[in-house]
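A structural walkthrough
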Amino acid sequence: MSEVLSHNQLAAIADEFGTPLYVYHAEKIAAQYEKLKDAFAGQDVVFFYASKALTNINVLRYIKSLGANIDCSSVNEVKLALHAGFAAGKILYTSNGIAFDEIEEAKNLGVHINIDSLSNLEKFGKKFGHSYPVGIRLRPNILAGGNLKISTGHDKSKFGIPVDQFEKIIDCVDKNNLFIQGLHIHTGSEIKDADVFVKGIEKLFDIIPHFKELEFIDLGGGFKVPYKEGDSETDIHLLAEKVKESFANHPNPRHLQIWFEPGKFLVSEAGYFITRVNVLKKTSSTVFAGVNSGFNHLIRPMFYNSYHRIENISNETGPRKIYTVVGNICETDTFAEDREINEIKEGDYLVFYNAGAYGFEMSSNFNSRLKPAEVLVKNGTPVLIRRRDVFEDLLRNQLEAQ
Ligand SMILES: *Cc1c(COP(=O)(O)O)cnc(C)c1O
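Residues numbered from 1 in each chain as written. Predicted model: local features only at pLDDT ≥ 70, side-chain atom pairs only at ≥ 80, totals over all residues. Heavy atoms only, no water.

**Digging into the pairing of strand E2 (residues 45-50)**
Taken across its 6 residues, E2 has 6 buried, putting it largely inside the fold. Judged by which residues are buried, E2 turns out to be covered on both faces: Val 45, Phe 47 and Tyr 49 on one side and Val 46, Phe 48 and Ala 50 on the other are all buried. Bridge count for E2 against strand E10 (residues 257-260) is 3 bridges, and the pairing is parallel. Note on E10: the bridge partner recorded for Val 45 is Ile 258. (Buried < 20%, exposed > 50% of the residue type's maximum accessible area, 1.4 Å probe, protein only. Helix = DSSP H or I, 4+ residues; strand = E, 2+ residues; numbered from the N terminus. Pairing = 2+ DSSP bridges.)

**Describing the pattern of salt bridges**
Proximity of charged atoms lets side chains of opposite charge pair with each other. Summed over all chains, the structure comprises 15 salt bridges. Between Glu 3 and Lys 28 there is a salt bridge whose closest N-O contact spans 3.0 Å. On the criterion of sequence distance, the pair formed by Glu 3 in the segment before helix H1 (7-17) and Lys 28 in helix H2 (residues 26-39) is long-range, its members being 25 residues apart. Measuring nitrogen to oxygen at the nearest pair gives 2.3 Å for the salt bridge that ties Glu 311 to Arg 309. Within the structure, one salt-bridge network assembled from shared partners comprises Glu 122, Lys 126 and Lys 175. (Salt bridge = Lys/Arg side-chain N within 4 Å of Asp/Glu carboxyl O.)

**What to know about the site of the ligand**
Lys 52, Ser 189, Glu 261, Lys 264 and Tyr 358 are the nearest of the 15 residues found near the ligand. The side chain of Lys 52 places a nitrogen or oxygen atom 2.8 Å from an oxygen atom of the ligand. Note that an oxygen atom of the ligand is positioned 2.8 Å from one of the backbone N or O atoms of Lys 264. Here the ligand, which alone exposes 390 Å², has 92% of that area covered by the protein. Of the residues in the shell around the ligand, the class split is 3 nonpolar, 7 polar and 5 charged. (Near = heavy atom within 4 Å. Polar contact = N/O pair within 3.5 Å; in protein donor to acceptor, adjacent residues only side chain to side chain. Areas by Shrake-Rupley, 256 points an atom, 1.4 Å probe, with all protein chains shown as cover. Nonpolar A, V, L, I, M, F, W, Y, C, P; charged D, E, K, R; others polar.)

**Looking at the pairing of strand E4 (residues 91-94)**
Residues of E4 alternate between two faces, with Ile 91 and Tyr 93 on one and Leu 92 and Thr 94 on the opposite face, all of them buried. As defined by bridge partners, strand E3 (residues 69-72) adjoins E4 across 3 bridges and the pair is classed as parallel. Residue Asp 71 lies in a different strand from E4, and its bridge partner there is Leu 92. Chirality of the crossover, the property in question, places the unit of E3, helix H4 (residues 75-83) and E4 among those that are right-handed. (Right-handed = clockwise from strand over helix to strand, strands pointing away.)

**Brief notes about the domain arrangement of the chain**
Here the chain is described as being made up of domain 1 (40-266) and domain 2 (271-395). Put simply, the middle of domain 1 and the middle of domain 2, counted by C-alpha atoms, are 33 Å apart. With 17 residues of domain 1 at the interface, the matching set in domain 2 holds 17 residues. Buried area between domain 1 and domain 2, both sides added, is near 1600 Å², and the carbon and sulfur share of it is 54%. (Domains from an automatic or database assignment. Contact = heavy atoms within 4.5 Å. Buried area = accessible area lost by both parts, 1.4 Å probe.)

**Let's talk about the packing of helix H5 (residues 100-109) against helix H6 (residues 118-128)**
Direction vectors running N to C along H5 and H6 enclose 50°, while the axes themselves pass 10 Å from each other. The angle between the axes of H5 and H6 places the two elements in the oblique class. Of the two possible hands of crossing, H5 and H6 adopt the one that is right-handed. Every residue of H6 that contacts H5 at Phe 100, Ile 103, Glu 104 and Lys 107 is listed here: Asn 120, Lys 123, Phe 124, Lys 127 and Phe 128. Residue composition of the contact of H5 with H6, grouped by class: 4 nonpolar, 1 polar and 4 charged. (Axes fitted to C-alpha atoms, helices over the stretch in contact; angles between N-to-C directions. Parallel < 35°, antiparallel > 145°, perpendicular 65-115°, else oblique. Left-handed = near helix turned anticlockwise from the far one by under 90°.)

**Let's talk about H4**
Within the sequence span of H4, burial applies to Val 75, Glu 77, Val 78 and Ala 81. The buried side chains of H4 occupy one side of the element, clustering within an arc of 155° when seen end-on. More than 90 degrees from the buried face of H4, the exposed residues found are Asn 76 and His 83. Those residues of H4 that are buried are in contact with helix H3 (57-66), E3, E4 and H5. (Arc of directions from axis to C-beta.)

**Concerning the nonpolar core**
Core analysis: the largest hydrophobic core is formed by 101 residues, its most contacted members being Leu 183, Phe 211 and Phe 260. Built from parts of two domains, this core gets at least three residues from each of domain 1 (40-266) and domain 2 (271-395). Aside from chain neighbours lying at most four places away, what touches Phe 211 is Ile 136, Phe 166, Ile 169, Ile 170, Val 173, Ile 180, Leu 183 and Arg 254. The next biggest cluster of nonpolar side chains, apart from the first, holds 17 residues, and it includes Ile 13, Val 23, Tyr 349 and Tyr 353. (Core = buried A, V, L, I, M, F, W, Y, C linked by side-chain atoms within 4.5 Å.)

**Section: helix H9 (residues 236-249)**
Under the 1.5 Å per step criterion, the end-to-end length of H9 is 20 Å for 14 residues, consistent within 8% with the ideal 20 Å. For H9, the complete set of buried residues consists of Ile 236, Leu 239, Ala 240, Val 243, Ser 246 and Phe 247. The buried residues of H9 occupy one face: seen down the axis, they fall within an arc of 135°. Relative to its buried face, H9 has exposed residues pointing more than 90 degrees away, namely Glu 241, Lys 244, Glu 245, Ala 248 and Asn 249. Buried-residue contacts for H9 involve H2, helix H8 (194-205), strand E9 (216-218), E10 and helix H10 (264-267). The N-cap of H9, judged by a side-chain oxygen 3.2 Å from the amide nitrogen of His 237 a few residues on, is Asp 235. (Expected span 1.5 Å × (residues − 1).)

This is the structure in structure tokens:
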């Protein structure tokens, strides 16, 4: 089975289901998961899909069928994971900055929990003592990731408990007789360099001996995927080798399982976002191609300055021309500036690549526009997995006050 959907397949799917449309390719997700499993074969590693990248329950079920566990960033994601059939023991809830009630709710659902503040750790200890295991999310003070917005391990980041507050952590753990099952670090997204993970591990080695009941080290997610030609992916084989090496160099009194939380790595390239060109507009300097979408559907280019390859699948052989691809909402929502694309006519389909992760998931109804539909292609067959919003959806939760 091919790892990519062809222009013809995508155009046929767009004809059938309409645009704007998110399309996910199951076999590509499987291929990415296999890559991880292959590289870490022989090591005691468990992969938790970071579901915030894409939470459609059909995708969750598919990823479960591959054998992966799941990482959640809210209690609602935990509930979606349970709904998709994940056993509680395969679900990890990595909270950040949330109210203690939500941690309690996750505890009542029986899932693994990583706690990321001293105050919640303290509350957890007071209430549950040694009766329920928890992981601690540490902030290793490492700067990593594509840019500051997606980098979470550095000194000014809100995520995790800073490692330099280690004594306070130990105080809290001792005082409350906490059962510390794991240590967690997640340094950011789009980390190309395997050494960043190794640096993270090294930071943990001094700390590990203080926790006598430790069972896992969770190294988070953030593996990089290619966005454009010439881009590289995190070298997973090299990473696996280096992880193995660093654990061999620091033999631990206890056997520790290694956990990873890949989000983007599993679903980014499996996703395609298909739009249609509404208008072409020429100015003295620019030709705008305005599509039937905007940052209400795909915000990454505007929010993270991310690059998404764009192809005109309606004109595969046309001459290459320069376009600025923009959306149709009342904001500057530029998807791509001065991009070379095969000649565009109004009505053509433009496909955005790498749209699986943080695409639909970050969409909104801004401008009272409707959210797109989602389709999953498995064994060559496209199936609708979320209907397109309809007008009534905009009114659904609104109340008539008078
Ligand atoms: C977002 C997140 C991930 C996944 O990051 P990717 O860049 O999508 O791999 C993993 N772990 C945690 C705690 C996260 O917040």
